[in-house]
Amino acid sequence: AVVSTQSTGGEFKLAVPLCLSKLCPPVISFIGLGAVSAAVMSSTDSSVLGVSSMFTRNVYQKVLSPHASDKVLVWVLRVTIVCNTLIAMVIAITVKSVYGLYLICSDLVFVLLFP
């Protein structure tokens, strides 16, 4: 396979898909892109579940409703997961640069560590 050495400017974002499509058989390309997608989804859902669990346990159960039953806590966790996912989607769509995300995260961590 001959791979073109000319770059059109935005192709660096497509490095993995281009390598998989040009240098690998279609079956391997399909599995490779599936593996990358699975890794991204796994990291994302772990982050959302972690934040939602911390909110449910540390804020809702310990501060807002200390005598809440497990059934109520499960529902609060589910609602918190949906809310956190929506917030993350809005942030991902509106923030246009990685630096902007870094500023949001660093400000949030600063506020949480030094109230």
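All values derive from a computational prediction rather than experimental measurement.

**A closer look at the packing of aromatic side chains**
Summed over all chains, the structure comprises 1 aromatic pair. In this structure, Arg78 packs its charged tip against the face of Trp75, placed 4.8 Å from the ring centre.

**Topic: the layout of surface pockets**
Space inside the largest pocket adds up to approximately 750 Å³. In terms of lining residues, the largest pocket is bounded by 18 residues, among which Val51, Asn84, Ile87, Ala88 and Ile91 are the most central. Where the lining of the largest pocket is concerned, the elements lending two or more residues are helix H2 (26-64), helix H3 (70-94) and helix H4 (98-113). Grouping the constituent residues of the lining of the largest pocket by class yields 14 nonpolar, 4 polar and no charged.

**With respect to the side chain of Ser52**
Within the secondary structure layout, Ser52 lies in helix H2. Polar contacts involving the side chain of Ser52 include one to the main-chain carbonyl oxygen of Val48, which spans 2.9 Å. For Ser52, the contacting residues outside a window of four places in its chain are Leu77, Thr80, Ile81 and Asn84.

**Notes on the environment of Pro17**
Within the secondary structure, Pro17 is located in helix H1 (residues 15-23). Given a relative accessible area of 32%, Pro17 falls into the partly exposed group. Sequence separation between Pro17 and Phe30 is 13 residues; the distance between their C-alpha atoms is 9.7 Å.

**Concerning the confidence of the model for the protein chain**
For residues with low pLDDT, the predicted coordinates do not support detailed interpretation. Confidence along the protein chain averages 84 in pLDDT terms, with 87% of residues attaining 70 or more. The secondary-structure element of the protein chain with the lowest mean pLDDT is H4, recorded at 76, while H3 shows the highest, at 92.

**Comments concerning a nonpolar patch on the surface**
Taken together, the side chains of Val16, Leu33, Val36 and Val40 make up a nonpolar region of the molecular surface, amounting to roughly 320 Å² of accessible area. In terms of residues, the nonpolar patch owes the most to one element, H2, which gives 3 residues. For Val16, the position within the fold is in helix H1.

**Things to note about the packing of H2 against H3**
Interaxial distance between H2 and H3 falls to 9 Å at its minimum, and their mutual angle equals 130 degrees. Taken together, the axes of H2 and H3 are oblique relative to one another. When the axes of H2 and H3 are compared, the crossing they make is right-handed. Mapping the contact onto sequence places Val48, Leu49, Val51, Ser52, Ser53, Phe55, Thr56, Tyr60 and Gln61 in H2 and Val72, Leu73, Val76, Leu77, Thr80, Ile81, Asn84 and Thr85 in H3. Split by residue class, the contact of H2 with H3 holds 10 nonpolar, 7 polar and no charged.

Conventions adopted
Residues numbered from 1 in each chain as written. Predicted model: local features only at pLDDT ≥ 70, side-chain atom pairs only at ≥ 80, totals over all residues. Heavy atoms only, no water. Phe/Tyr/Trp six-rings, centres within 6.5 Å; stacked < 30°, edge-to-face > 60°. Lys NZ or Arg CZ within 6 Å of the ring centre and 35° of its normal. 1 Å grid on protein atoms, 1.4 Å probe; cavity = no way out; pocket = protein on both sides within 12 Å on 5 of 7 lines; lining within 4 Å. Points joined across faces, edges and corners; volume = space filled by probe spheres on them. Helix = DSSP H or I, 4+ residues; strand = E, 2+ residues; numbered from the N terminus. Nonpolar A, V, L, I, M, F, W, Y, C, P; charged D, E, K, R; others polar. Polar contact = N/O pair within 3.5 Å; in protein donor to acceptor, adjacent residues only side chain to side chain. Contact = heavy atoms within 4.5 Å. Buried < 20%, exposed > 50% of the residue type's maximum accessible area, 1.4 Å probe, protein only. pLDDT = per-residue confidence, 0-100. Patch = residues over 30% accessible without salt bridge, like charges linked within 9 Å, V, L, I, M, F, W, Y side chains within 5 Å. Areas by Shrake-Rupley, 256 points an atom, 1.4 Å probe, with all protein chains shown as cover. Salt bridge = Lys/Arg side-chain N within 4 Å of Asp/Glu carboxyl O. Axes fitted to C-alpha atoms, helices over the stretch in contact; angles between N-to-C directions. Parallel < 35°, antiparallel > 145°, perpendicular 65-115°, else oblique. Left-handed = near helix turned anticlockwise from the far one by under 90°.

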